[in-house]
Amino acid sequence: MEDQAEKLREIMRRKNTSGKQSKQSAAKSETKPVDKARIITVTSGKGGVGKTNLSVNMALAFARLGKKVVVMDADLGLANVNVMLNMVPKFNLYHVIKKQKTMRDILVETEYGISIVAGASGFSQIANMGERDRKDFISELDTLSSADIIIIDTSAGVSSNVLDFIAAADDAVIITTPEPTAITDAYGIIKIIATEYDSLNMGLKLVVNRAKNAGQARHVADRMINIAGQFLNLKVEYLGFIYDDSAVQQAVLRQKPFMVVDPKCKASICVQHIVDRMDKNKPESTGFSAMFKRLFGQSK
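Residues numbered from 1 in each chain as written. Predicted model: local features only at pLDDT ≥ 70, side-chain atom pairs only at ≥ 80, totals over all residues. Heavy atoms only, no water.

### Description of the overall build of the chain
Phase 1 of the analysis: Secondary structure summary: the chain contains 14 helices and eight strands in total.
Phase 2 of the analysis: Looking at the chain alone, contacts between residues at least 24 apart form 78% of all its contacts between residues at least 6 apart.
Phase 3 of the analysis: Split by element, the accessible area of the chain, about 15600 Å² in all, is 48% carbon and sulfur. (Helix = DSSP H or I, 4+ residues; strand = E, 2+ residues; numbered from the N terminus. Contact = heavy atoms within 4.5 Å. Areas by Shrake-Rupley, 256 points an atom, 1.4 Å probe, with all protein chains shown as cover.)

Structure representation (structure tokens):
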């Protein structure tokens, strides 16, 4: 009987200890902050400057740092992310908006360790959605909140959709080349941002693509940063540059990211340096669905 009593006491001690641990774990889980996906918008003043190429290869660079990354194609007219990856997704955002598919249904994993959301033509439908449909759509977006990084590849130019994505993101990366027309158009989008928005959630960031050398890229960046600061009172941060590298064009023709085709080429090294810099300077993110609430002018 004494042995049985001792065993019973031992069982109760274990039960009480387990209960205390469970309560402590629950308390920790209640106080632990919920992780939010970091939203990075990549845009440009004009087409053909390498915006989609930067978006995809940045995604791979973040993935190499152990991040879970989703690339969303938000180019209203020419969706190129899937083309660059030689993929033909069956479903896109339009099917989610029409409630024919869920976000999980259209999220496509690639062989490169990143996922994509295709068919950004659906964004043109968002503005016309009723309040109930918008709320349902935002709820679907929570599916993507488990990602660490969501990169939104916008269309080129200064449409209202592009400007809204820039204003609502955690990071907005503007890409240009040393060509005078590209510089002019990049400054144009910065000027419109300064005019349209009294305040932004972040500072704008600049990447100079197809540069012959670091000096040329720095000259372009300094020129734009100084003008934006002097005449627009807007801070623009220089993230870095990407060499004019023949490996990039070869990768495009093969419909593969250049960081996969040649991880050690100059362009790949440049992108990895840009992403390393971004990873060290992490803004406080409010999450993906919160971003769309800002886009729609809804309260959080």
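### Digging into the sheet that holds strand β7 (residues 204–211)
Phase 1 of the analysis: In space, the eight strands of this open sheet follow the order β3-β4-β2-β5-β1-β6-β7-β8, with mixed pairing throughout. The open sheet is flanked by β3 (107–109) and β8 (236–243), the only strands paired with a single partner. Within this sheet the neighbouring strands show an average axis-to-axis angle of 25°, counted without direction.
Phase 2 of the analysis: As judged from the three bridges shared by strand β2 (residues 69–74) and strand β4 (residues 115–117), these two strands associate in the parallel manner. Opposite Val71, over in β4, you have Ile116 as the bridge partner.
Phase 3 of the analysis: Across the face of the sheet, helix α9 (residues 180–196) comes into contact with β1 (38–43), β6 (171–176), β7 and β8 while running at roughly 155° to β6.
Phase 4 of the analysis: Each of β1, β6, β7 and β8 is contacted by helix α13 (residues 266–280), which is oriented at about 160° to β8, the strand it contacts most. (Pairing = 2+ DSSP bridges. Axes fitted to C-alpha atoms, helices over the stretch in contact; angles between N-to-C directions.)

### A word on the pattern of salt bridges
Any two side chains of opposite charge can pair if their charged atoms end up close together.
Phase 1 of the analysis: Taken as a whole and assessed by the stated rule, the structure comprises ten salt bridges.
Phase 2 of the analysis: When the shortest N-O distance is used, the salt bridge between Lys99 and Asp136 registers 2.8 Å. Of this pair, Lys99 sits in the loop between α4 (93–97) and α5 (103–106) while Asp136 sits in helix α7 (residues 131–141); the two residues are 37 residues apart in sequence, bridging distant segments of the chain.
Phase 3 of the analysis: Assessed through its relative accessible area of 27%, Asp136 is described here as partly exposed.
Phase 4 of the analysis: Note that Arg218 and Asp222 form a salt bridge whose closest N and O atoms lie 3.4 Å from each other. (Salt bridge = Lys/Arg side-chain N within 4 Å of Asp/Glu carboxyl O. Buried < 20%, exposed > 50% of the residue type's maximum accessible area, 1.4 Å probe, protein only.)

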